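Coordinate inspection notes
Now for the letters of each chain:
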Amino acid sequence: MNGKNAWKQLWLAYDKKKELGNGVYVEKVSLIGFDEENRVVKSALQELKKGVSGMLGVTAEVTEKDAEAKGLVLKKCDELPKESYSIKEEGGKLTLMAGDENGLLYGVFHLLRQISMEKKLSGMNVTCKPDNPLRMYNHWDNMDGSIERGYSGNSFFFVKNDIVIDERTRDYARLVASVGINGVVINNVNVKQAASWLISDRFFEKVAELSKIFADYGIKFFLSLNFAATIELGGLDSADPLDERVIAWWKEKMKECFAKIPNLGGFLVKADSEGRPGPFTYGRTQADGANMLAEAVRPYGGIIIWRCFVYNCKQDWRDYKTDRARAGYDNFIQMDGDYAENVILQIKNGPMDFQIREPISPLLGGLKKTNQMLEVQVAQEYTGHQIDVCYLIPMFKEVLDFHTYCKPGADTVADVISGRTMGNQNTGIAAVINTGNDANWTGNDLAAANLYGFGRLAYQTSLSAGDILDEWIPMQISTDPEVIKVIKDILLRSRETYEKYTSPLGIGWMVTPHDHYGCSVDGYEYDRWGTYHRADHLGIGVDRSDKGTGYAQQYYEPNATAYNSVESCPEELLLFFHHVPYTHVLKTGKTLIQHIYDSHFEGYDEAEGFAKAWDGLEGKVDAEVFANVKERFGRQLANARDWRDQVNTYFYRKSGIPDEKGRTIY
Ligand code: GCV
């Protein structure tokens, strides 16, 4: 058993629902144009049965094949694009048409969602098509069972250097498919020790079994690769991507992998990053490395997803010229157009590392001839460890809506990663995901909103952060409008609140080193990681204008000019781009130092407000959920208080400028 407790079903709990006459549509099912024996079709039918029997107390039976009857008609429609579906009710007949098996499965989940939200099926008329070709969860699970940046228990894929497969694995695949995710990477990008051997006989059998479970739900299976596998597994003395022996070894290895692992989509690679091996060791480019692997997987339709998180992690804090923010762009832009068709560059949303506020990476859209995939982090590494509540979908929406100005009319990040900008297919979005083997999967029950929300947003980018909560809260927590209102309000405000009591105006970091939870203003200031705030007695911030590191010039106009000056820089990013005196007056009329004090007091007060609002839900939500979230709010308040007082005290001591409102600063 890979779950340490009996695990919850989250939004697929399928509890009994209000009687709305929905049962009449689903009792008799006609299946047209689909093969009942197809594994994905089977899953769709099983899920339909499970859902309607739990929620409506009726049995869904396929009564007709290849002929339409009243009730629910499930029909293949070749005119609809892949993974798309439409659902229409007319005269007592509900027709779900789908472009392919995945579309059918997603359509069934849509119907079940409708029932779960206590909405009527009569009058339905929707058509849904995925915005992004690839929609992936990336797990950072290690084979010893730990999870890098995991905050909800241990891995449910790996225990003691072995793979575990049980009912929870299937439930996981169901949850994944229910939100439209079509690719999963099961192991950490830092591939070490046993994980390097996932592509060997030692694990092939179990990897294949795992992969088949995902295949049942239309999810492609991916592994993270060790770029130095030629040395560690192959016994060669090199991993040089241009070395003929290395090339031959990978070709043979990939032939074996695709033969032994059905449903294998390809590989994710972290190279030349934070101590991981890569082509730079051999004086080769990132393109040399990626293309060599891409060539090896090409005969099998495989793809190589190559991460752009490449920077110097051994910087000298005294060095003001080297700027970690520049690194992704500097390392990848020159080879734009040199990457093979089956390579996708996976780019973190910001140039640093998943901070609560960062600009959008200038590589996104900066690259004009290369397949791109956006990487965001649903696991709350820098955003509260799933102790503090932080609903991340509003942040992801900002990223997707950002205008890169790479091409008139199709220049947002959403355009780039959907393939609209370049007319390409190998594009998409991935999230470092927040699951573990805790009974509730995500540590904090409210963090499941991010797990759910990412998938829904990846499938349908136009959904708003609020739309997603209007689905998730009634499906997982309660259909009571009062409860929905309270939770929605907390979640929609939570990101800004977290930002207010942590690091100000885009400067980021100030976290406890390595662990990344809790405040330590100078924790990384004199370290090697390139993550500095540069505060002195006069001011704070990093000059990334043309007079500083020049990072602002990596953007297209008008962004480059906007970021370049203090006057035109969006204020929420002011300290990311500029070193500013504490006396600088912001658009609100407040000085910078007063803004720091005010936002930190406000942030704490807001968190306290959330905790009180949650207390008001006692007896209105499941007792276990209530207790789980209440306990976490207790810890969040302690954390927010520490952040507030440490940040305020630090800047008061540095600047010597008192709070205008005379509040307690230590
Ligand atoms: C998987 C940050 C995290 C690391 C992570 C790395 C990455 O540096 O702190 O834990 O490693 O990002 O994205 O590769």
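Quick caveat: nothing in here was measured; it's all calculated off a predicted structure.

Among the secondary structure elements, lysine 321 is positioned in the loop between strand 13 (303–307) and helix 9 (327–332). Judged by its relative accessible area of 74%, lysine 321 is exposed. Spatially, the C-alpha atoms of lysine 321 and threonine 549 are 5.8 Å apart, while their sequence positions differ by 228 residues.

What follows covers the sheet that holds strand 14 (residues 343–348). With parallel pairing, eight strands are arranged side by side around a closed barrel as 7-10-11-12-13-14-15-16. When strand polarity is set aside, the average angle formed by the axes of neighbouring strands in this sheet is 25 degrees. Where strand 7 (residues 134–138) and strand 10 (residues 183–185) come together, three bridges link them in parallel fashion. From the neighbouring strand, methionine 136 faces strand 10, where its bridge partner is glycine 183.

As a further point, take the pattern of salt bridges. Taken as a whole and judged by the stated rule, the model has 48 salt bridges. Across the salt bridge formed by aspartate 216 and arginine 170, the nearest N and O atoms sit 3.1 Å from each other. Of this pair, aspartate 216 sits in the loop between helix 5 (204–215) and strand 11 (220–225) while arginine 170 sits in helix 4 (residues 167–178); the two residues are 46 residues apart in sequence, bridging distant segments of the chain. What makes aspartate 216 buried here is its relative accessible area of 12%. Owing to a relative accessible area of 24%, arginine 170 belongs among the partly exposed residues under this scheme. Of the charged contacts in the structure, one is a salt bridge between glutamate 602 and lysine 500, with a shortest N-O distance of 3.1 Å.

Glancing now at the site of the ligand. The full set close to the ligand counts 15 residues, and Glu148, Lys270, Arg307, Lys348 and Glu381 are the nearest of them. Here glutamate 274 contributes a side-chain N or O atom positioned 2.7 Å from an oxygen atom of the ligand. Contact with the protein chains covers 96% of the free accessible surface of the ligand, which is 340 Å². For the shell around the ligand, a count of residues per class yields four nonpolar, three polar and eight charged.

So, on to the domain arrangement of the protein chain. One widely used convention gives an interface's size as the accessible area the parts lose upon coming together. Split into domains, the protein chain comes out as domain 1 (10–128), domain 2 (134–468) and domain 3 (500–542 + 579–655). Computed over C-alpha atoms only, the centres of domain 1 and domain 3 are separated by 46 Å.

Among the secondary structure elements, serine 211 is positioned in helix 5. On the basis of relative accessible area, serine 211 is assigned to the buried category, the value being 0%. Those residues in contact with serine 211, other than ones at most four positions away along the chain, are Phe221, Ile261, Pro262, Asn263 and Leu264.

With that out of the way, let us pick up the pairing of strand 12 (residues 264–269). Of all six residues in strand 12, six are buried; the element is thus mostly enclosed. Of the strand pairs in this sheet, strand 11 and strand 12 are connected by five bridges, and their pairing is parallel. Bridging across to strand 12, serine 224 finds its partner in leucine 268. Bridge count between strand 12 and strand 13: four bridges; the pairing is parallel. Within strand 13, the position partnered with phenylalanine 267 by the bridge is isoleucine 304. Between the parallel pair strand 12 and strand 13, the chain is carried across by helix 8 (residues 286–297), and the sense of this crossover is right-handed.

One number sums up the size of the largest pocket: a volume of about 810 Å³. The wall of the largest pocket is formed by 32 residues, among which Lys82, Glu83, Pro133, Asn182 and Gln425 lie closest to the centre. For the lining of the largest pocket, the secondary structure elements donating two or more residues are strand 7, strand 11 and strand 12. Counting only domains with at least three residues in the lining of the largest pocket, you end up with domain 1 (10–128) and domain 2 (134–468).

Compared with the 24 Å implied by 1.5 Å per residue over 17 residues, the 24 Å span of helix 7 (residues 244–260) between its first and last C-alpha is a close match. Among the residues of helix 7, Val246, Trp249, Trp250, Lys253, Met254, Cys257 and Phe258 are the ones counted as buried. In an axial view of helix 7, the angular spread of the buried residues amounts to 155 degrees, which keeps them on one side of the axis. Every exposed residue of helix 7 that faces more than 90 degrees away from the buried side is listed here: Glu244, Glu252 and Ala259. Against helix 5, strand 11, helix 6 (229–232), strand 12 and helix 8 lie the buried residues of helix 7.

We now examine the sheet that holds strand 2 (residues 61–65). Within the open sheet, the six strands sit side by side as 2-1-3-5-4-6. Their pairing is mixed. The open sheet terminates on both sides in strands that have one partner only, identified here as strand 2 and strand 6 (125–128). This sheet shows a mean twist of 20 degrees between the axes of neighbouring strands, independent of strand direction. With four bridges joining them, strand 4 (residues 85–90) and strand 6 adopt antiparallel strand pairing. Each residue of the ladder has a partner; that of tyrosine 85, found in strand 6, is cysteine 128. On top of the sheet, helix 2 (residues 39–56) reaches strand 1 (28–32), strand 2 and strand 3 (71–76); it is set at about 170 degrees to strand 1, its chief contact. On the sheet, helix 3 (residues 101–116) packs against strand 3, strand 4, strand 5 (93–98) and strand 6 and is oriented at approximately 50 degrees with respect to strand 4.

The next thing to look at is the packing of aromatic side chains. All chains considered together, the criterion is met by 33 aromatic pairs. Seen in terms of ring centroids, tryptophan 317 and tyrosine 526 are 4.9 Å apart; in terms of plane orientation they differ by 85 degrees. Their pairing is edge-to-face. Taken together, the residues tryptophan 317 in the loop between strand 13 and helix 9 and tyrosine 526 in the loop between helix 14 (481–501) and strand 17 (539–540) connect sequence positions 209 residues apart. Here tryptophan 317 falls in the partly exposed class, since its relative accessible area comes to 28%. The rings of Phe156, Phe157, Phe158, Tyr172, Phe214, Phe221 and Trp441 are connected pair by pair, giving a single aromatic cluster. Above the face of the tyrosine 311 ring, arginine 324 is positioned so that its terminal group lies 3.8 Å from the ring centre. Its end group placed over the ring of phenylalanine 309, lysine 348 keeps NZ or CZ at 3.3 Å from the ring centre.

Moving on, we get to the pairing of strand 2. Note that strand 1 and strand 2 share four bridges and pair parallel. The residue bridging serine 30 from the neighbouring strand is glutamate 64, located in strand 2.

On inspection of all chains with the given rule, the structure shows 11 cavities of 30 Å³ or more. The volume enclosed by the largest cavity comes to roughly 170 Å³. What lines the largest cavity is a set of 18 residues, and nearest its centre among them are Cys308, Phe309, Gly328, Gly350 and Pro351. When residues of the lining of the largest cavity are traced back to their parent elements, those giving at least two are helix 9 and strand 14. Ranked by residue count, the leading element in the lining of the largest cavity is helix 9, at three residues. By residue class, the composition of the lining of the largest cavity is 12 nonpolar, four polar and two charged.

For the rest of this paragraph, the subject is helix 8. Relative to the 16 Å expected for 12 residues at 1.5 Å per residue, helix 8 spans 17 Å between its end C-alpha atoms, a close match to the ideal helical length. With nine of its 12 residues buried, helix 8 lies for the most part within the structure. All of the buried residues in helix 8 are Gln286, Ala287, Gly289, Ala290, Met292, Leu293, Ala294, Ala296 and Val297. Tucked into the core, helix 8 has its buried residues touching strand 11, helix 7, strand 12, strand 13, helix 9 and strand 14. Between the side-chain oxygen of the N-cap and the backbone nitrogen of alanine 287 there are 3.3 Å, and the N-cap of helix 8 in question is threonine 285.

What counts and how
- Numbers given for residues are sequential positions, taken from 1 along each chain in its written order.
- Totals for whole chains, interfaces and linings use all residues, but because this is a predicted model, local features are given only for residues with pLDDT of at least 70 and pairs of side-chain atoms are given and counted only at 80 or more.
- Neither water nor hydrogens contribute to the side-chain values; these are computed over all heavy atoms in the structure.
- Helix and strand assignments come from DSSP, with helices taken as H or I runs of at least 4 residues and strands as E runs of at least 2, each series counted from the N terminus.
- Each residue is assigned to one of three classes by its accessible area relative to the maximum for its type, calculated with a 1.4 Å probe on protein chains only: buried under 20%, partly exposed between the two thresholds, exposed over 50%.
- Strands are treated as partners if at least two bridges between them are detected by DSSP.
- For helices, the fitted line uses only the C-alpha atoms of the stretch in contact; every axis is such a line through C-alpha atoms, and the angle between N-to-C directions lies from 0 to 180 degrees.
- Here, a salt bridge means any side-chain nitrogen of Lys or Arg that lies within 4 Å of a carboxyl oxygen of Asp or Glu.
- Residue proximity to a molecule or strand is established when one non-hydrogen atom of the residue lies within 4 Å of it.
- The term polar contact refers here to a pair of N or O atoms within 3.5 Å; inside protein, the definition further demands a hydrogen-donor-capable atom paired with an acceptor-capable atom, and it admits residues adjacent in sequence only when both atoms are side-chain atoms.
- A 1.4 Å probe and the Shrake-Rupley method give the accessible areas. Residues count as covered only by the protein chains that appear here.
- Any residue that is not Ala, Val, Leu, Ile, Met, Phe, Trp, Tyr, Cys, Pro, Asp, Glu, Lys or Arg is counted as polar, Gly included; the first ten are nonpolar and the last four charged.
- Either an automatic procedure or a domain database provided the assignment from which the domain bounds are taken.
- Here, residues are in contact when the closest pair of their heavy atoms is within 4.5 Å.
- When the strands point away from the viewer, a crossover counts as right-handed if the route from the first strand across the helix to the second turns clockwise.
- Only protein atoms enter the 1 Å grid used here. Points where a 1.4 Å probe fits but cannot escape make up a cavity, open sets with protein on both sides within 12 Å along at least five of seven lines make up a pocket, and a residue lines them when an atom lies within 4 Å of a point.
- Grid points are joined across faces, edges and corners, and a volume is the space filled by probe spheres set on the points.
- One less than the residue count of a helix, multiplied by 1.5 Å, gives the span that helix is expected to have.
- To obtain the arc, one takes the directions from the helix axis to the C-beta atoms.
- The pairing test for Phe, Tyr and Trp rings, Trp by its six-membered ring, is centres within 6.5 Å, and the orientation test on the planes gives stacked under 30 degrees, edge-to-face over 60, and tilted for anything in between.
- Any Lys NZ or Arg CZ found within 6 Å of a ring centre and within 35 degrees of that ring's normal is scored as a charge over the ring.

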